[in-house]
Amino acid sequence: MKNLLSSLAISIGVAVAVLQPVAAVAEPFQAVDVDRSQVTFNVQQMGVGTEGSFKRFDASFTFDPERPDQAKGRFDIDLTSIDTGLSEADQEVQGELWFDTARHPKASFVLDGLQATGPRRYEARGQLTIKGRTQEVRAPFELTPDAVMKGSFAMKRSDFAIGEGMWASFDVVANEITVRFTLKLN
């Protein structure tokens, strides 16, 4: 009898340990912890991958994994917070030919819809606006057991007039930019 109770207690303990991460992910989320989140990008420059990030952004997001179709969200990036690793490059891309942060200081993503694509996998669909130009973006992501959204999407800088004039050619800086996000949900 003692062995049976011991086995039952171990089974219950294992079940609780296994199901606990699933239960944590199934909770509705009301916010993004921007201090524990990040947005990075990669672009080919002269054939070499160049990484960068944005240091300041705001996000509002409500999401219930059981009802993804009811999710709402907005994400605003302070374009002046770009960090390419070179202060000269950071200043250059804030200029009129690139982001034109004097007139367009932020990029915005507004969520239009969210759908489940598999266990803990989703696709966000929404409108991305940069420099006053808006394009639809689809961003697949995974929701980890510790409530972190990890995903990425590709965009074309020409769709948003990022890199005009002498920078319009894709010889030096490629047209495609990969944006990656890691957002901690609360």
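For the structure itself, look to the data block above.
Criteria and thresholds
Residues numbered from 1 in each chain as written. Predicted model: local features only at pLDDT ≥ 70, side-chain atom pairs only at ≥ 80, totals over all residues. Heavy atoms only, no water. Core = buried A, V, L, I, M, F, W, Y, C linked by side-chain atoms within 4.5 Å. Buried < 20%, exposed > 50% of the residue type's maximum accessible area, 1.4 Å probe, protein only. Helix = DSSP H or I, 4+ residues; strand = E, 2+ residues; numbered from the N terminus. Contact = heavy atoms within 4.5 Å. Phe/Tyr/Trp six-rings, centres within 6.5 Å; stacked < 30°, edge-to-face > 60°. Pairing = 2+ DSSP bridges.

The next point concerns the nonpolar core. Formed by 41 residues in total, the largest nonpolar core has its most connected members in Phe63, Met155 and Leu185. At six residues, the largest contribution of residues to this core is made by strand S10 (residues 173-185). Dropping the residues within four chain positions of it, Leu185 is found in contact with Phe29, Ala31, Val32, Phe61, Phe63, Leu143, Ala147 and Met149.

Following the sequence through the fold, Asp100 ends up in the loop between helix H2 (87-93) and strand S6 (106-118). Not counting the four nearest positions on each side in its chain, Asp100 is found in contact with Val93, Gln94, Gly95 and Lys131.

Okay, the packing of aromatic side chains next. Applying the stated criterion to the full structure yields nine aromatic pairs. Linked through ring pairs, Phe29, Phe61, Phe63, Tyr122 and Phe141 together constitute an aromatic cluster.

Let us look at the environment of Met155. Here Met155 lies in strand S9 (residues 148-156). Given a relative accessible area of 8%, Met155 falls into the buried group. Taking the C-alpha atoms as reference points, Met155 and Val137, separated by 18 residues in sequence, lie 7.8 Å from one another. Among all residues touching Met155, those that are not within four sequence positions of it are Leu128, Ile130, Phe160, Ile162, Asn175, Glu176, Ile177 and Val179.

On to the pairing of S10, then. With nine bridges joining them, strand S1 (residues 32-45) and S10 adopt antiparallel strand pairing. In the strand pairing of S10, Thr40 is matched with Arg180. Relative to S10, S9 runs antiparallel, the two being bridged by nine bridges. Across the sheet, residue Gly151 finds its bridge partner in S10, namely Phe181.

Read across the open sheet, the ten strands follow the order S3-S4-S6-S7-S8-S9-S10-S1-S2-S5; overall the sheet is antiparallel. Where the open sheet ends on each side, the last strands, each with one partner, are strand S3 (57-62) and strand S5 (82-83). The pairing of strand S7 (residues 121-130) with strand S8 (residues 133-143) spans ten bridges and is antiparallel. Residue Tyr122 lies in a different strand from S8, and its bridge partner there is Phe141.

Strand direction decides the pairing type here: S1 and strand S2 (residues 48-54), joined by seven bridges, are antiparallel. Looking across to S2, one finds that Phe41 is bridged to Gly52. In this antiparallel pair of consecutive strands, S1 and S2, the connection spans two residues, and Met46 shows a positive phi of 55 degrees. Where S2 and S5 come together, two bridges link them in antiparallel fashion. Bridge pairing in S5 places Ser53 opposite Asp83.

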